[in-house]
Amino acid sequence: MKLVAIHPDLINLFSVDPEMLIKERRPCVLIARLIYKGKRHSFAIPLRSNISGTAPSGSYFALPPRSTTKPGNHHGLHYIKMFPVSKKYILRYRIAGDKYTTMVKNIIDTNEKQIITECQNYLIAYETGTHPSFCTDIDKLIDLLEQ
């Protein structure tokens, strides 16, 4: 897993999904090769600084709050906003010299197995019809990516 940014072309392509986060240069965690509907795909999981305080704890991986995290909200990897991605849309996300981002990356690396398992479990549930409110439309996004 690594921290990446997503190319604006993919963000524009996926903008048809109202739940797709469109902030350019948003850091995401790239997880290559998760299984969805019997096929392997790479997914990006966005880091969000204001996940609702009422979000189910299994819908995100909590990270230490950022300066922009509002009281009562969470900062973390928001699984319900994950989306498929291909190599041509992945940009490098630089963290050198940024103490907070380096700390977050270390936490992610330390918990890599848990994060991958939770993402795969989310995809299994999604595939069987469990679509939480405000989630991305994974089927539509895969179709767009494969066109």
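As the structure is a prediction and not an experimental result, all values here were calculated from the model.

A.B. asks: Tell me what's going on with the pattern of salt bridges, and back it up with residues and numbers.
C.D. replies: Inspection of the entire model under this criterion finds four salt bridges. The partner of Lys 81 in a salt bridge is Glu 19, with the nearest N and O atoms 2.6 Å apart. Of this pair, Lys 81 sits in the loop between strand 5 (74–78) and strand 6 (83–85) while Glu 19 sits in the loop between helix 1 (8–13) and strand 2 (28–36), placing them 62 residues apart in sequence. The exposure class assigned to Lys 81 is buried, which follows from its relative accessible area of 5%. A salt bridge links Glu 146 to Lys 39, with the nearest nitrogen and oxygen atoms 3.5 Å apart. With Glu 146 in helix 4 (residues 138–146) and Lys 39 in strand 3 (residues 39–51), this residue pair connects regions lying 107 residues apart in the sequence.

A.B. asks: How would you summarise the pairing of strand 5 if you had to cite specific residues and measurements?
C.D. replies: With four of five residues buried, strand 5 is to be regarded as a mostly interior element. Inspection of the sheet shows strand 3 paired to strand 5 by three bridges, in the antiparallel sense. Counted as the bridge partner of Leu 47 is Leu 77 from strand 5. Sheet analysis places strand 4 (residues 60–63) next to strand 5, joined by four bridges and oriented antiparallel. Note that in strand 5 the partner of Leu 63 across the bridge is His 75.

A.B. asks: Residues and numbers for the state of the cysteines, please.
C.D. replies: Applying the stated rule across the entire model yields zero disulfides. The thiol of Cys 28 is unpaired, and the distance to the nearest cysteine sulfur, on Cys 119, comes to 12 Å. Taking the relative accessible area as the measure of exposure, Cys 28 reaches 2% and is therefore buried. On the basis of relative accessibility, which here comes to 0%, the residue Cys 119 falls in the buried class.

A.B. asks: Go over a positive patch on the surface, please, and point to the residues and values.
C.D. replies: Side chains of Lys 2, Arg 33, Arg 40 and Lys 87 sit close together on the surface and give a patch of like positive charge. The topology assignment puts Arg 33 in strand 2. The partly exposed category is assigned to Arg 33, whose relative accessible area is 45%.

Rules of the game
Residues numbered from 1 in each chain as written. Predicted model: local features only at pLDDT ≥ 70, side-chain atom pairs only at ≥ 80, totals over all residues. Heavy atoms only, no water. Salt bridge = Lys/Arg side-chain N within 4 Å of Asp/Glu carboxyl O. Helix = DSSP H or I, 4+ residues; strand = E, 2+ residues; numbered from the N terminus. Buried < 20%, exposed > 50% of the residue type's maximum accessible area, 1.4 Å probe, protein only. Pairing = 2+ DSSP bridges. Disulfide = S-S within 2.5 Å. Patch = residues over 30% accessible without salt bridge, like charges linked within 9 Å, V, L, I, M, F, W, Y side chains within 5 Å. Areas by Shrake-Rupley, 256 points an atom, 1.4 Å probe, with all protein chains shown as cover. Lys, Arg positive; Asp, Glu negative; His and termini not counted. Charge placed at Lys NZ, Arg CZ, Asp CG, Glu CD.

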